[in-house]
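Reading the structure
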Amino acid sequence: MKILRFSATIRHGLLMPSLILLVILFSLGCGKDKAPAPEIPPAEVETSSLTFNSPIGVEIVGKIINPGGGKITDHGFIYWFTAEDEISKGTKVSLGGEITSGFFTTTINGLKFPEVNGLQALFVAKAYVTDKNGTRYGEIFSSRYNGSIVSSIIPNEGKTGDIIALAGSYKGLKPGDIKITFGGIQTPIKTITDIGVTVEVPTGIPVGHGQTIEVKSSVGSFTSYVSHEFRIWANIKDMNPKFGPINTKIRFTGDNLPASKDAMHVYFEQHSEVTGNSDYDNGFYVGVPGNIMTEKLTLSYKKGNVRAVLPWEFALTPPVIKSISPNPALDLQTVAIQLDNFLYLQRGYNEFSVKVGNFQQWVTANEDGKLIFRLDHNAKYATGNSYPVSITFGPHTVSSSTALTIAKPEATGFSPKAGLPGVPIHITGKFAKGANYIVKFNSSGGVFFDAVSESEIVGRVLMGMEAKTYTLSVSTDAENVLVPGGVFEVLPTRFDAVSPSSATAGSTISITGEGFYNNGSTITANFAGHTAHVNSVTPNKITLVLGNSTPPGTYRIKLDWDNRIYDTGQSITVVR
């Protein structure tokens, strides 16, 4: 029992101190678990800059200004359009959590800006950072693109297919982001870098050679003028034909050909300038000029102050003499050379040089392809002889395979057989129509006869010829051609009467008779040194006016007819 008490006493005596110790230890343990944990500082961020690289591309820079005490789990930017939008409507650009400090950046391209009141909307953005403490934001930045896409265009002129360089700001852009138009016609981007693009002048621009157009550049909703005066030149892609005679119409095909004939000048061999022509049916063409002196022609045209040389040659082909008519031909006769490979232009070059023998003839051309000329009498061609015929046109001189023979005129007869001065004489035979012939009376003197046809010449008996019979002959340089059919009798001129027989000075008087003829001569009468002028001459009457100062008296009337004196046998009395 005593052991148990002891034991019990011992347990009792030891129990209390043990419980007190356990309570203290437990209290200490419980107090340590409930103490507050120390605070972790949050990460901090700022929005550093917002820069437009292009109308649809921006670069945003942020900075971690305090990484905080915990791990950054995300950072980046949030952007939206217009200041009125809420951040909740923005677009998040996450750059992840791999950052502890410093700057971070992102570039956003291909932005699609809404328009607000006709203007491109503001771009609004701010940086953010996220850690255990949540997400914090930098300051809001906003901006609108106000730069220029293109800074220069080189060159500011061109034809379809030419490569044009546009310098400017294209960083972050793709070819599909950019729209370049020439006169409203879009052209694709050929190459692109951050500082420039190249494009090709497109086809279909609705203007002609030398005219100007606008060039525009568009990116997104932003459009800027590249040039207000881009000059378009014709792009000649072909010409036809490429050979032919002088005056050939060369037609051009291609882009932006001239809309008017004066808009483009074409050069042949760098010296012969030709104004082109334009019509609705056939396009633009030029005629090969006649002052060309080479057979192979290089063509060029003006682009401003520069000549653009075409890659083709034009081969000039010579005319061909087909026939000469008539042959034989009379001296002074009109001759026609029929040509092949000849083109006549009403307002073109038709300056031919024609030689018969060594003597040059004056030539005209017609639409039938004929060269017309009258054999020049000054050449002194000998009848019966043949002379080579050659023509020169441009660089070509061609000769006829047949020489031209000179024939003499032929006379077969005449009528009438007699007549007074002024009576027409008709000589038949073979003559050069339109030529003048000299007909001799008894192989002396001569009267001009006109060839009214190829078979007849006509002339008149001259005033003052002696009344008698004459043999007639047609004179040539080599010989006289006798006119068969006998002799011609010149009948005498008669002065029958004067009326009135007396008159005062200044009066008009008439002489009647037969055989009066004036072939353009000057006819006067002289009364004591005072001249009376003849007013008119008909075959039967001469009218003249007495001088105002003719003194009274009776005068014998003598006519001074082309330096020949005719005594009429009539008298006039001048009274007061």
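Residues numbered from 1 in each chain as written. Predicted model: local features only at pLDDT ≥ 70, side-chain atom pairs only at ≥ 80, totals over all residues. Heavy atoms only, no water.

Comments concerning the pattern of salt bridges
Inspection of every chain in the model, using the stated rule, returns 11 salt bridges. One continuous salt-bridge network, built from bridges that share partners, spans Arg494, Asp496 and Glu514. (Salt bridge = Lys/Arg side-chain N within 4 Å of Asp/Glu carboxyl O.)

Brief notes about the sheet that holds strand E15 (residues 185–187)
Strand order in this open sheet of 5 strands is E12-E19-E18-E14-E15, and the pairing throughout is mixed. Looking at strand neighbours, the two that pair on one side only are strand E12 (157–158) and E15, the edges of this open sheet. Here 3 bridges tie strand E14 (residues 178–182) to E15, and the two strands are oriented antiparallel to one another. Of the residues in E15, the one forming a bridge with Phe182 is Ile185. (Pairing = 2+ DSSP bridges. Helix = DSSP H or I, 4+ residues; strand = E, 2+ residues; numbered from the N terminus.)

Observations concerning the side chain of Ser473
You can see Ser473 is positioned in strand E47 (residues 472–475). Ignoring anything within four residues of it in the chain, the contact list for Ser473 reads Ile438, Val439, Lys440, Asn480, Val481, Leu482 and Val483. (Contact = heavy atoms within 4.5 Å.)

A look at the pairing of strand E37 (residues 389–393)
Counted residue by residue, E37 has 4 buried out of 5 residues, so it is predominantly covered. By the bridge criterion, 4 bridges tie strand E32 (residues 353–356) to E37 in an arrangement that is antiparallel. Bridge pairing in E37 places Ser353 opposite Thr392. Both E37 and strand E38 (residues 396–399) contribute to a ladder of 4 bridges, which runs antiparallel. The residue of E38 that forms the bridge with Phe393 is His396. The antiparallel hairpin formed by E37 and E38 contains 2 residues in its connecting segment, where Gly394 sits at a positive phi of about 65 degrees. (Buried < 20%, exposed > 50% of the residue type's maximum accessible area, 1.4 Å probe, protein only.)

Quick look at the confidence of the model for the chain
Averaged over the chain, the pLDDT score is 86; the fraction of residues at 70 or greater is 89%. Ranking the elements of the chain by mean pLDDT puts helix H1 (residues 2–33) last with 38 and strand E42 (residues 424–430) first with 97. Every residue in residues 1–35 is under pLDDT 50, and counting partners more than four places away or in other chains gives 6 contacts. (pLDDT = per-residue confidence, 0-100.)

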